[in-house]
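Inside the fold
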Amino acid sequence: MSTLRSVLAYVALIAAVLATLPGMAFLGAVAVSMAVSLGWRDMRRVPRGVFAVAVLAMAFAFGRDPGLVEGAAGNMTRLAGLILSVMLLSSVLAGSRDLQRISSSLFSGKPGTRYASLAFGTALVSVPLNFGSVAVVGSLISERIRRSGDSAATRNSTRAVLRGFGVSPIWSPLSISVALTLTLLPTLGGAQLIGLSLPFAMLVLLAGFLWREPEPQLETGAAADTAGAAAWLRFGGIILGICIGVFLFSHVYEFSYARSVTLSCLAAVIIGWGLSFAGGHTPRPPTMANVSNELAIVGGSAFIGSVISAVVLGQVNGNMGLPGWAWPVLAALVPWSFFMAGLAGANPILTGTLIGGILGPAWPPGAVLGLGFAMVTGWGITAFGTPFAANALIMERLTGYRARDASLRWSLALSLIALSAASAIAAGLTVWLA
């Protein structure tokens, strides 16, 4: 059964790569649905609920307008392919010696240095590894808790990892948040969005220094297997190569941003396998049998959001008839909408699809940067500040710290300040550019 789930996941990935061919969107959606169904007994409650609602949305779409199903299936396949390619890349890179050394190095040094290393290091490692970065770096904290017990150092380290990963949706060119935002807002340039969101993400990480626990100014000592400049350069080269690939696929070949990320990640995996084979090792594709939860959340949320946004957009016909002052108000509310929906357990993919799908076509064309910035910043703050985010649940499993404490209680003040700043900037951009 697990072998069949893995095969279905790879079929969905191939369908996403060949999405422009007739029937591939439906093939990918069917493969995702079958993989989720076969893994149903092992899935968590929230992914089950999301996918159950997606099935209801499909039944509604068939009854209302079968054409809605085609668009939703295409959206489902594209985003499922993106998350599968990133997870495949994560699986391939996770066992590399360079990554193990880099992760170990992040945990050494004085308290302030260690916090900065973990926060900014996790943000960087999250670019190609996505959730894998939380598992890799978080396992070091877990091991320290096992050896030395709970301490201010381990709690601060947990804060750093959650915040480091949490800001990656704000700026990472490979994140599903940026890909979805650029897909839903096709007139918005990726460089334009990231050029504004990256400084904001770095400021959020720096502000995190103010919300740490005091701990003794004792050095932890260097890790036994630390990373040198060569390891960082090789890892940075992988990230740079993937980003260049995304740029070429999206600008030169004019593929969608989600498909460009999928192709770039796959190219990095294939090149890595080729180098491994040339070195005398026979690479084996990792199993993808354990991705049912991710496929249910990503695919289900993409399907639901596509159906709902299409129905609502059909009612308003792309023209909401709002006065000029309403657009900056809406821009200011978008980050808070992500956060409040996250507190209620809604996945940001669903929130983002609804907001981008409904507001995007009606937004003042010149001011689309304000909406895009509001979406990615709201997504990122939700990722590190709400207890139902996947990274918070992973850290809870690794460290034993309750997600409600580690994400919500420990970072609430930072989240509220970041949300206020994001709202003000998004509103200001909308007023300025409209």
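Within any chain, residue numbers begin from 1 and follow the written order of that chain's sequence. For a predicted model such as this one, the threshold for reporting local features is a pLDDT of at least 70, and the threshold for listing and counting side-chain atom pairs is 80 or more; totals across whole chains, interfaces and linings nevertheless cover every residue. In computing side-chain properties, one takes all heavy atoms of the structure into account and sets aside hydrogens as well as water.

Named according to an unreviewed UniProt entry, the protein chain is H+/citrate symporter originating from Marinobacter excellens LAMA 842.

1. Overview of the overall build of the protein chain
Formally: The helix and strand labels rest on DSSP assignments: H or I over at least four residues marks a helix, E over at least two residues marks a strand, and numbering proceeds from the N terminus. Atoms counted for the radius of gyration: C-alpha only. Globule rule: 2.2 Å times residue count to the power 0.38. Accessible area is worked out with a 1.4 Å probe on protein chains only. A residue is then buried under 20% of its type maximum, exposed over 50%, and partly exposed in between. We call two residues in contact whenever any of their non-hydrogen atoms come within 4.5 Å of each other. The sign given to each residue is positive for Lys and Arg and negative for Asp and Glu; His and the chain ends receive no count. The atom standing in for a charge is NZ when the residue is Lys, CZ when it is Arg, CG when it is Asp and CD when it is Glu.
Broken down by element type, the protein chain carries 19 helices and 0 strands. In summary, the protein chain has a C-alpha radius of gyration of 21 Å against a globular reference of 22 Å for 434 residues, a match within 12%. For the protein chain, the spread of C-alpha atoms along the three principal axes comes to 65 × 55 × 45 Å. In the protein chain, buried positions account for 53% of the 434 residues. Considering only intrachain contacts with a sequence separation of at least 6, the fraction spanning at least 24 residues in the protein chain is 81%. Taking the average location of the 25 positive side-chain charges in the protein chain and that of its 14 negative ones, the two points are 3 Å from each other.

2. Things to note about the pattern of salt bridges
This is how the line gets drawn: The rule for a salt bridge is simple: a side-chain nitrogen of Lys or Arg has to be within 4 Å of a carboxyl oxygen of Asp or Glu.
Per the stated rule, a full pass over the model turns up 6 salt bridges. Glu213 is the salt-bridge partner of Arg159, the closest N and O atoms lying 3.1 Å from each other. Taken together, the residues Arg159 in helix 8 (residues 152-166) and Glu213 in the loop between helix 11 (190-207) and helix 12 (229-252) connect sequence positions 54 residues apart. Residues participating in the shared-partner salt-bridge network are Asp150, Arg155, Arg159 and Glu213.

3. Quick word on helix 16 (residues 348-359)
Think of an α-helix as turning once every 3.6 residues; residues three or four places apart then point the same way. Note the threshold: One less than the residue count of a helix, multiplied by 1.5 Å, gives the span that helix is expected to have. The term polar contact refers here to a pair of N or O atoms within 3.5 Å; inside protein, the definition further demands a hydrogen-donor-capable atom paired with an acceptor-capable atom, and it admits residues adjacent in sequence only when both atoms are side-chain atoms.
For helix 16, spanning 12 residues, the distance from its first C-alpha to its last is 16 Å, which sits close to the expected 16 Å at 1.5 Å a residue. The opening residue of helix 16 is Asn347, an N-cap whose side-chain oxygen sits 2.8 Å from the backbone nitrogen of Ile349.

4. Some words on the environment of Thr430
Position of Thr430 relative to the elements: it lies in helix 19 (residues 403-433). Residues Thr430 and Ala367, 63 residues apart in the sequence, show an inter-C-alpha distance of 5.0 Å. Contacts of Thr430, omitting those with residues within four sequence positions, involve Trp327, Pro328, Ala331, Trp363, Ala367 and Gly370.

5. A closer look at a nonpolar patch on the surface
We apply this condition: The patches reported here contain residues having more than 30% relative accessible area and no salt bridge. Joining distances are 9 Å for like charges and 5 Å for nonpolar side chains (Val, Leu, Ile, Met, Phe, Trp, Tyr). Surface exposure here means Shrake-Rupley accessible area, sampled with a 1.4 Å probe, where a residue is shielded only by the protein chains that are shown.
On the surface, a nonpolar cluster with roughly 610 Å² of combined accessible area is contributed by Leu240, Ile244, Phe247, Leu248, Val252 and Tyr253. Along the chain, the position of Ile244 falls in helix 12. Using a relative accessible area of 43% as the deciding quantity, one classes Ile244 as partly exposed.

6. A look at helix 13 (residues 257-278)
Over its 22 residues, helix 13 runs 32 Å from end to end, which matches the ideal 32 Å to within 8%, given 1.5 Å per residue. Among the residues of helix 13, Tyr257, Ala258, Arg259, Ser260, Val261, Thr262, Leu263, Ser264, Cys265, Leu266 and Val269 are the ones counted as buried. In the stretch just after helix 13, Gly280 is the one whose phi turns positive, near 95°.

7. Quick word on the packing of helix 1 (residues 2-17) against helix 2 (residues 24-38)
Formally: Axis definition: a line fitted to C-alpha atoms, over the contacting stretch in the case of helices. Angles run 0 to 180 degrees between N-to-C directions. Put simply, angles under 35 degrees are roughly parallel, angles over 145 are roughly antiparallel, angles from 65 to 115 are roughly perpendicular, and the rest are oblique. Each crossing gets its hand from how the near helix is turned against the far one by less than a right angle, where anticlockwise is left-handed and clockwise is right-handed. Lys, Arg, Asp and Glu make up the charged group, whereas Ala, Val, Leu, Ile, Met, Phe, Trp, Tyr, Cys and Pro make up the nonpolar group; the residues left over, Gly among them, are polar.
Their axes nearest at 8 Å, the elements helix 1 and helix 2 cross at an angle of 155°. As summarised for this structure, helix 1 and helix 2 are arranged roughly antiparallel, according to the angle between their axes. As for the relative orientation of helix 1 and helix 2, their crossing is left-handed in sense. Between helix 1 and helix 2, the residues in contact are Leu4, Arg5, Leu8, Val11, Ala12 and Ala15 and Met24, Leu27, Gly28, Ala31, Val32, Met34, Ala35 and Leu38, respectively. Considering only residue class, the contact of helix 1 with helix 2 consists of 12 nonpolar, 1 polar and 1 charged.

8. Let's talk about the side chain of Ser197
Mapped onto the secondary structure, Ser197 falls in helix 11. Among the polar contacts listed, one links the side chain of Ser197 to the backbone oxygen of Ile170, at a separation of 2.8 Å. Here Ser197 is in contact with Ile170, Trp171, Phe373 and Val376, once residues within four sequence places are set aside.

9. Concerning the packing of helix 11 against helix 19
Between two packed helices, the angle of one axis relative to the other and the distance separating the axes together describe the packing. Interaxial distance between helix 11 and helix 19 falls to 11 Å at its minimum, and their mutual angle equals 155°. Taken as axis vectors, helix 11 and helix 19 run roughly antiparallel relative to one another. In this structure, helix 11 meets helix 19 at a crossing whose hand is right-handed. Residues Leu196, Phe200, Val204 and Ala207 of helix 11 touch helix 19, and the partners they reach there are Leu414, Ala418, Ala421, Ala422, Ile425 and Leu429. Taken together, the residues of the contact of helix 11 with helix 19 sort by class into 10 nonpolar, no polar and no charged.

10. So, the state of the cysteines
By definition, a disulfide links the sulfur atoms of two cysteines through a covalent bond. So the rule is basically this: Two cysteine sulfurs form what is called a disulfide whenever their separation falls within 2.5 Å.
Under the criterion given, the structure shown has 0 disulfides. This cysteine, Cys243, is not joined by any disulfide, and Cys265 carries the nearest cysteine sulfur, 9.2 Å off.

11. A look at the environment of Gln192
Examined against the element boundaries, Gln192 turns out to sit in helix 11. Take Gln192: its relative accessible area is 43%, and that puts it in the partly exposed class. Along the backbone, Gln192 and Phe373 are 181 residues apart, and their C-alpha atoms lie at a distance of 9.8 Å.

12. Brief notes about the confidence of the model for the protein chain
Operational definition: Scored from 0 to 100, pLDDT records how confident the predictor is in each individual residue.
Summarising the model, the protein chain shows a mean pLDDT of 86, and 93% of its residues fall at 70 or more. For residues 219-224, every residue scores under 50 in pLDDT, and the model assigns this stretch 12 contacts once sequence neighbours within four places are set aside.

13. Section: the side chain of Thr77
When you line up the elements, Thr77 lands in helix 4 (residues 67-94). According to the relative accessible area criterion, Thr77 is buried, its value standing at 2%. Within the local environment of Thr77, its side chain forms a polar contact with the backbone nitrogen of Ala29, the two atoms lying 3.1 Å apart. If we ignore the near neighbours within four places in the chain, the residues touching Thr77 are Ala12, Ala15, Ala16, Met24, Ala25, Gly28 and Ala29.

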